Structure formats: C-alpha cells, structure tokens
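Each chain, written out:
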Amino acid sequence: MVINWRKSSYSGSSNDEMCVEVAELVSGVGIRDSRNPHGGLLDVSSAEFAVLVGQIKKGALDLA
C-alpha cells in the first residue's frame, strides 16, 4: 500500500516548527511530523481524527 501524505492546512510556513502531515490509512488516518517523516506516526480512527480537527477548529488545544 502506498501512503500519500499531505501537509495539513493547519501547519504553518516551511519555516514553522509545527508541520504536520496526514494520510488516509486502511485503519483510519495517519498523522506525522513532516520534519521527521521516519520518526513514526500516530494512527487514529476516522472518528478520532474528526474529533481532533473539531477541537483544533474551536481553539480548544491552543497553547497560548
């Protein structure tokens, strides 16, 4: 299976420290650090990913 990673629209510019890529997996959605693509990934269900995106959109996970 070929995994097609794409940069998240929530990531900043190429100079930003927080760069995230996502990919559709058989088991759900893969999430990885684009600056360390071989460092591992999070594998979450589609439902969990939807909850995560919803929380991000609401600002519930902002660190500031």
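Anyway, here's the lowdown on the structure attached to this text. Source: prediction; values computed, not measured. (Residues numbered from 1 in each chain as written. Predicted model: local features only at pLDDT ≥ 70, side-chain atom pairs only at ≥ 80, totals over all residues. Heavy atoms only, no water.)

**Quick notes on the overall build of the protein chain**
Just so we agree on the cut-off: For the purposes of this entry, the term helix denotes a DSSP run of H or I that reaches at least four residues, the term strand denotes a run of E that reaches at least two, and both are numbered from the N terminus. A simple rule labels every residue: compare its accessible area, found with a 1.4 Å probe on the protein chains alone, to the largest value its type can have, and call it buried under 20%, exposed over 50%, or partly exposed in between. Should any heavy atoms of two residues lie within 4.5 Å, those residues are counted as being in contact. The method behind every accessible area is Shrake-Rupley, applied with a 1.4 Å probe, and residues are considered shielded solely by the protein chains displayed.
Along its length, the protein chain carries 1 helix and 4 strands. Listing each helix as α and each strand as β along the protein chain from the N terminus yields β-β-β-β-α. When the 64 residues of the protein chain are sorted by exposure, 22% land in the buried category. Partitioning the intrachain contacts of the protein chain with sequence separation of at least 6 by distance along the chain shows that 13% fall at a separation of at least 24. About 4,900 Å² of surface is accessible on the protein chain, with carbon and sulfur atoms providing 55% of the total.

**A word on the sheet that holds strand β4 (residues 42–44)**
Across a sheet, strands are paired by hydrogen bonds formed along the backbone, either parallel or antiparallel in direction. Note the threshold: DSSP bridges decide pairing: two strands pair if at least two such bridges lie between them.
Pairing is antiparallel across the open sheet formed by 4 strands, whose spatial order is β1-β2-β3-β4. If you trace the sheet from one side to the other, it starts and ends with β1 (6–7) and β4, each paired once.

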